[in-house]
Amino acid sequence: MEITIVRKIRFQIDGSDSPLTITSIATDRFDLLPLAVGHAAEMAVVLADPALHAFIGGEPLDEDALRARYARLAAGSPDPAVSWLNWVIRVRDEGRLAGTVQATVEHDGPVAEVAWVVGASWQGRGIATEAARGLVAWLREAGVRTVVAHIHPGHAASAAVAAAAGLSPTDVWQDGEIRWTTPPEPRERPERLTHRPARRTA
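This one's a predicted model, so the numbers in the text were calculated from it and none came from an experiment.

> What is the right way to read the overall build of the protein chain from this model?
A tally of helices and strands in the protein chain yields four helices and eleven strands. Out of the 202 residues belonging to the protein chain, those deemed buried represent 43%. Sequence separation of at least 24 residues holds for 67% of the intrachain contacts in the protein chain that already meet a minimum separation of 6. Summed over all atoms, the accessible surface of the protein chain reaches about 10,500 Å², with 52% contributed by carbon and sulfur.

Okay, here's the thing in structure tokens:
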């Protein structure tokens, strides 16, 4: 899969209190766009199926509630040592939104916990897999050493996405979910931990 990171700058975030700057990510078929309040109306329709909450609980939010939620997310984490990063998944050929991916990055490590959700009407097309792989690649490029996800043991589809993105299950459980993780990447030499433009792949 080819991934293009748009206007990406590498930051040393290990132990830093500076938030990680979010950018767009382009995969073969999709654009991952930084989440904005203006996405709420379309996403309220995409996420309207109650079945999406079978494993995570809760219920679909209407446009107003989703708009308020997106405003909080866009404002960023109140903890300066944590970055909240959220994207919507845009199907490039159709110009429509299909779901979201997100990462909560703890700068100490740094470690990112990721999650994804794709609307019921869009499932079965490999969208979550491609988007999750793009997200993990972006996080690696940004300097994140370890990526984790927590997945319900009965959610086979989500487990398959995690595996395709390079995560493996562990024997650690949290709130009834299994912790999946990537192998940590080695720390880079100090002279490489500076601002630098990322290489574009296309």
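Still more to cover.
> What is the right way to look at unusual backbone geometry in this model?
Keep in mind that most residues, glycine aside, have a negative phi and that most peptide bonds are trans. Following Gly109, the chain continues into Pro110 via a peptide bond in cis, with omega recorded as -20 degrees. Among the secondary structure elements, Pro110 is positioned in the loop between β6 (96–106) and β7 (111–118). Residue Asp175 is not a glycine yet carries a positive backbone phi of 50 degrees. Mapped onto the fold, Asp175 is located in the loop between β9 (168–174) and β10 (177–181).

> Where do I start with the nonpolar core in this structure?
Generally speaking, soluble globular proteins have nonpolar side chains that are buried together. By size, the foremost hydrophobic cluster in this structure holds 49 residues, and its most contacted members are Trp87, Trp116 and Leu139. In terms of residue count, helix α3 (residues 127–142) provides more of this core than any other element does, nine residues in total. Setting aside residues no more than four positions away along its own chain, Trp116 makes contact with Thr100, Val101, Ala128, Ala132, Ala149, Ile151, Ser158, Val161 and Ala162.

> Help me understand a negative patch on the surface in this model?
Together, Asp79, Glu106, Asp108 and Glu113 make up a negatively charged patch on the protein surface. Within the element layout of this structure, Asp79 appears in the loop between α2 (63–75) and β5 (82–91).

> Which parts of the structure should I look at to understand the environment of Val88?
Examined against the element boundaries, Val88 turns out to sit in strand β5. Owing to a relative accessible area of 0%, Val88 belongs among the buried residues under this scheme. If near-sequence neighbours (up to four positions away) are discounted, Val88 is found in contact with Asp31, Leu32, Leu33, Leu35, His39, Met43, Leu97, Gly99 and Thr100.

Basis of the calculations
Residues numbered from 1 in each chain as written. Predicted model: local features only at pLDDT ≥ 70, side-chain atom pairs only at ≥ 80, totals over all residues. Heavy atoms only, no water. Helix = DSSP H or I, 4+ residues; strand = E, 2+ residues; numbered from the N terminus. Buried < 20%, exposed > 50% of the residue type's maximum accessible area, 1.4 Å probe, protein only. Contact = heavy atoms within 4.5 Å. Areas by Shrake-Rupley, 256 points an atom, 1.4 Å probe, with all protein chains shown as cover. Core = buried A, V, L, I, M, F, W, Y, C linked by side-chain atoms within 4.5 Å. Patch = residues over 30% accessible without salt bridge, like charges linked within 9 Å, V, L, I, M, F, W, Y side chains within 5 Å. Salt bridge = Lys/Arg side-chain N within 4 Å of Asp/Glu carboxyl O. Lys, Arg positive; Asp, Glu negative; His and termini not counted. Charge placed at Lys NZ, Arg CZ, Asp CG, Glu CD.

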